Amino acid sequence: MEMKEGQAGSIQIIGARTHNLKNINLEIPKNALVVITGVSGSGKSSLAFDTIYAEGQRRYIESLSIQARQFLDQLPKPQVVALKGLSPSIAIDQEPNNRNPRSTVGTVTEIYEFLKLLFARIGAQSGNSKAKLEPNNFSFNSPYGMCPGCNGKGIQLKIDKALLMDEDKTILEGAILPWASERDQYYEKLLHKVCQEFGINADIPLKKQPKEAINKLFYGIPEQKFKIHYKNSTGKYRTRTVPFEGIIHDIDERFRTTPSASMKEKLARFMREQLCTDCHGYKLRKESLEVKIQGYHIGQLSNITISELQSFCEELESNANNVEQEVAIVILGEIKRRLTFMEKAGIGYLTLDRSISTLSGGEMQRTRLASQMGSELSGVIYVFDEPSIGLHPRDTNQLLLSLKELRDMGNTVIVVEHDEDIMMQADYLIDVGPGAGKDGGELLAIGSPLDVMKDSNSLTGKYLSKQLSIPHPQTRRKPTEFLRFRGCTEHNLKNIDVDFPLGVFVAVTGVSGSGKSTLVNDIVYKALVQKSERIPGITIRVQEAEGIHLVNKMIKVNQSPIGRTPRSNPATYTGLFDDIREIFASAPQAKKRGFGKGRFSFNVEGGRCEECLGDGQITFEMKFFSNVYVTCPVCKGKRFNDDTLQIKYNGHNIADILELTVIDSITVFKDHPKILLRLETLHAVGLGYLKLGQSSTTLSGGEAQRIKLASYLWKRPEGNTVYILDEPTTGLHFADISRLIDVLQTLVEEGNTVIVIEHNLDVIKCVDHVIDLGPKGGKNGGYIIGVGTPEEISNIRESYTGMYLKKIFK
């Protein structure tokens, strides 16, 4: 594609070759809303994040001090001939940049900081205290404000008796779980002595033991001492005379005093988080919670939704006396401005005390969007990664208003997106493709949405113009059996009764925060898990559950990572790498040299590069910056030593194989049915572009979810299985969604039930049964708005989902 003459108001990209980009030239207008789209793996992120943002970040660091610039050469440099017209760049992706458990929506958006200032200035102290108040008095991160009972966490770890024992086992069989896995004989001998002394029958299951015997085990007999002779973990015999203070005291004491993090983690498995009994979850000391404004303390205001807090601020402004108004007007202005940005970003249902770690990727990104709007920067390039994820179509319009407002402040807003509404509202649309991996990386169409729709090269354009579409079924499956739940009250569910049909395709829908995840994950999933695994201590807030016996197995396919270290990848997670290493070990050259299967593992000495220990990179820890990762100078990133790399299969060494995409691997391993099945299944769920050795830490939640789905597909159980998926369309193009729907429909055809939490209308219109929640989010959600086929939902006037389905069916 030929370059036009550069203009001052544009970003000019010449010869971009990052990852799979095919030497592209592109001119992007500044101060515009720019959307980059294309099938999964086509090169969208390579262009937006790994080229434009990465180079903008490099140039920003170049402008800093000499100390900061010394790390410049260690940052990855985009493969591009020239990049002109760049401004400072900010990436707003879906990963939290602060994983501190004390980090909340209120602290990230700075709203809580202004609330602390407001309470310090006009808060009334329900006694006669005239102590001077400061913002730190309302900080749960400061010793001046934090609750001493929980150190400002709002929760305390308390031992749960149900987690300490397996009631079906006897004491001799290891019914006391925390003591059953100890390496020495101390607890075994102590229990034996206690049972002997007090006539407790150690040969009957705990569930048949008298209550008095159980109490003695849990709470001890501290006034009496026992002499025990035992063998310790090193094999030596010891004799001790000790009191028996009970299992609970022992676990609690060891948890509080052990310096070992691993031991703390082990003991924490027998505990549950409970609201702090001192502060009742508000995190602050008693004196701080006694300070109130209009009858509310700061903890209560942090526990209401953004929308409700907005109403409180309006009321406070109108009801405050003259002195209070004069003091509070500026502070309230800052609070209200930020609350408005959050409403526009579609997260008005969140509360300020919500921990950042509990947010979904989309919620995290929209929270950061609201923060950026509050900063009122201009002249910046903002790069977003699918901000519409997790949003109902009703909320997408609000998000669009936020993105446009950011643009109108004088910024360039670049969005990687698949959402049709956002694409149609773009000032400039860029379609990348035509395929994934090596088959992508080309510019298919650029210009206004209308320009892209007219371009015959653009697959996206054909979907936008409705030349192509995902058809909905002409008939719906009719269920005969149901999972029935009565009186569901978890979180914001309003004591609802719900029937989930079995043997069909089910979608749970509703606006953000309406209770979808609560219903599916905290009611259905827990009920099915409890039936199959009998996990002690699980609480399901439902009065009655019927039909559980009709389900043979439950499989939850979530978006959690497939591994938390760079060593985990699609090949290792799916088991493909084991089979591939077997093939390499059976090669004539490998047999001749005596190389076994372990030789081809980057986790084992012998075949791996010992300079980087099989990582392929060297990590440099930085004092003031994020760690820097540099390609290993010995193996050049290949992870294996030269002797190992000399062994080849079909012209590829083991490092080459890890660099292959799923699609390319299908050709290489076409003669190995077991491997071929797994590769073709990964391709079927839209992952043909992934490299086999791609680090799990670089995978999106949607990619991790589809890898897990593929893993279940090639070892399918025989019917009556319930599959639960949370927004499986995350990160998928129209064409990829069509392929995914086919896969899910096949599962149902084989006698299974598929339940999806979903906002995507193309999926919703294809299901057999919809359960729609609402009407709104947070406290205003949790009701059943409608149930039935998509056509039936489209005729329910109160349903936002129905409103958008009606447009589709017309």
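Residues numbered from 1 in each chain as written. Predicted model: local features only at pLDDT ≥ 70, side-chain atom pairs only at ≥ 80, totals over all residues. Heavy atoms only, no water.

Colleague: Just checking my understanding: could you explain empty space enclosed by the protein for this structure?
Modeller: Empty space among the atoms becomes visible once a probe the size of a water molecule is rolled across them. Considered as a void within the structure, the largest cavity measures approximately 100 Å³ in volume. Around the largest cavity, the lining residues are T104, Y112, F140, G281, Y282, K283, I298, G299, S302, L352 and D353. If one sorts the elements of the lining of the largest cavity by residue count, helix α12 (residues 298-302) sits on top with three residues. Considered class by class, the residues forming the lining of the largest cavity number five nonpolar, four polar and two charged. (1 Å grid on protein atoms, 1.4 Å probe; cavity = no way out; pocket = protein on both sides within 12 Å on 5 of 7 lines; lining within 4 Å. Points joined across faces, edges and corners; volume = space filled by probe spheres on them. Helix = DSSP H or I, 4+ residues; strand = E, 2+ residues; numbered from the N terminus. Nonpolar A, V, L, I, M, F, W, Y, C, P; charged D, E, K, R; others polar.)

Colleague: Can you help me understand the confidence of the model for the chain in this one?
Modeller: Note: predicted coordinates in regions of low pLDDT should not be interpreted at a detailed level. Per-chain confidence: the chain averages 89 in pLDDT, with 94% of residues scoring 70 or above. Below a pLDDT of 50 lies the segment residues 1-8, which in the model reaches 15 contacts outside its immediate sequence neighbourhood of four places, other chains included. (pLDDT = per-residue confidence, 0-100. Contact = heavy atoms within 4.5 Å.)

Colleague: What is the right way to read the sheet that holds strand β2 (residues 24-29) from this model?
Modeller: Either a parallel or an antiparallel arrangement is found when strands of a sheet pair, and the pairing is made through backbone hydrogen bonds. Strands sit in the order β2-β1-β4 across an open sheet of three strands; the sheet is antiparallel. With one partner strand each, in any of the chains shown, β2 and β4 (80-84) form the two edges of the open sheet. Across the sheet, the mean angle from the axis of one strand to that of its neighbour is 5°, orientation sign disregarded. Where helix α1 (residues 44-62) meets the sheet, it contacts β1 (10-16), β2 and β4, and its direction lies at approximately 65° from that of β4. (Pairing = 2+ DSSP bridges. Axes fitted to C-alpha atoms, helices over the stretch in contact; angles between N-to-C directions.)

Colleague: Please clarify how the sheet that holds strand β14 (residues 482-488) should be interpreted in this entry.
Modeller: What the three strands build is an open sheet, ordered β15-β14-β17; its pairing is antiparallel. Looking at the sheet topology across the chains shown, the edges are occupied by β15 (496-501) and β17 (544-546). Each strand axis lies, on average, 10° off the axis of its neighbour in the sheet, ignoring direction. The sheet contact formed by β14 and β17 spans three bridges and is antiparallel. Across the sheet, residue F485 finds its bridge partner in β17, namely A545.

Colleague: Help me out: how do you make sense of the pairing of β14 in this one?
Modeller: Side chains on a regular strand alternate between the two faces of the sheet. Here β14 pairs with β15 via five bridges, running antiparallel. When the sheet's bridge partners are listed, C488 is paired in β15 with I496.

Colleague: I would appreciate a short explanation of the nonpolar core in the present structure.
Modeller: Nonpolar side chains in soluble globular proteins generally cluster together in the buried interior. Counting 142 residues, the largest nonpolar core has L118, F384, I580, F669, L709, L744 and V754 as its most contacted members. Of all the elements, helix α29 (residues 734-749) adds the most residues to this core, at nine residues. Ignoring sequence-local partners within four residues, the contact set of V754 consists of V504, F505, V506, Y723, L725, L744, L747 and V748. I171, Y186, Y187 and L267 belong to the second-largest nonpolar core, a separate cluster that totals 33 residues. (Core = buried A, V, L, I, M, F, W, Y, C linked by side-chain atoms within 4.5 Å. Buried < 20%, exposed > 50% of the residue type's maximum accessible area, 1.4 Å probe, protein only.)

Colleague: Explain the layout of surface pockets to me, please; I cannot follow it from the model alone.
Modeller: Taken as a whole, the second largest pocket encloses approximately 810 Å³ of empty space. Considering the residues around the second largest pocket, the lining is formed by 35 residues, among which D419, E420, N760, L761 and D762 are closest to the centre. Ranked by residues supplied to the lining of the second largest pocket, first place goes to helix α32 (residues 800-809) with three residues. For the lining of the second largest pocket, the class distribution of residues is 12 nonpolar, 12 polar and 11 charged.

Colleague: Just to check I follow, could you spell out the packing of aromatic side chains for this structure?
Modeller: Note on aromatic pairs: each is described by the distance of the centres and the angle between the planes. By the definition in use, this model includes 18 aromatic pairs. Look at Y186 and Y230: their rings are 5.3 Å apart centre to centre, the planes differ by 70°, and that puts the pair in the edge-to-face class. With Y186 in helix α7 (residues 186-198) and Y230 in strand β7 (residues 221-231), this residue pair connects regions lying 44 residues apart in the sequence. For the pair Y186 and Y230, one class covers both residues: buried. Between Y382 and F384, the ring centres sit 6.4 Å apart and the planes meet at 35°, which makes this aromatic pair tilted. As far as burial versus exposure is concerned, Y382 and F384 are alike and both buried. Following the ring pairs from residue to residue traces out a cluster consisting of W179, Y186, Y187, Y230 and F244. Its end group placed over the ring of Y800, R394 keeps NZ or CZ at 4.8 Å from the ring centre. (Phe/Tyr/Trp six-rings, centres within 6.5 Å; stacked < 30°, edge-to-face > 60°. Lys NZ or Arg CZ within 6 Å of the ring centre and 35° of its normal.)

Colleague: So what exactly am I meant to see when it comes to the environment of L690 here?
Modeller: In this structure, L690 sits in the loop between α27 (673-684) and α28 (701-713). Since its relative accessible area comes to 2%, L690 is described here as buried. Remark: the alpha-carbon pair of L690 and I228, spanning 462 residues in sequence, is separated by 59 Å.

Colleague: Before we go on, may I ask you to explain unusual backbone geometry in this structure?
Modeller: Only a minority of non-glycine residues have a phi that is not negative, and only a minority of peptide bonds are not trans. The linkage connecting G433 with the following residue, P434, adopts the cis geometry, with an omega of 0°. Tracing the chain through its elements places P434 in the loop between β12 (428-433) and β13 (442-447). Backbone torsion omega between G774 and P775 reads 5°, so that peptide bond is classified as cis. A positive phi angle, close to 55°, is found at N23, a residue other than glycine. The topology assignment puts N23 in the loop between β1 and β2. Of note, E376 is a non-glycine position whose phi angle comes to about 55°, a positive value.

Colleague: Got a minute to help me understand the pattern of salt bridges in this structure?
Modeller: Between side chains of opposite charge, a pair can form as their charged atoms come close. This structure, assessed with the given rule, holds 39 salt bridges. Of the charged contacts, one joins E110 and R338 as a salt bridge, the two residues approaching to 3.3 Å between their closest N and O atoms. Under the relative-accessibility criterion, E110 is labelled partly exposed at 39%. Its relative accessible area of 10% is what places R338 among the buried residues. (Salt bridge = Lys/Arg side-chain N within 4 Å of Asp/Glu carboxyl O.)

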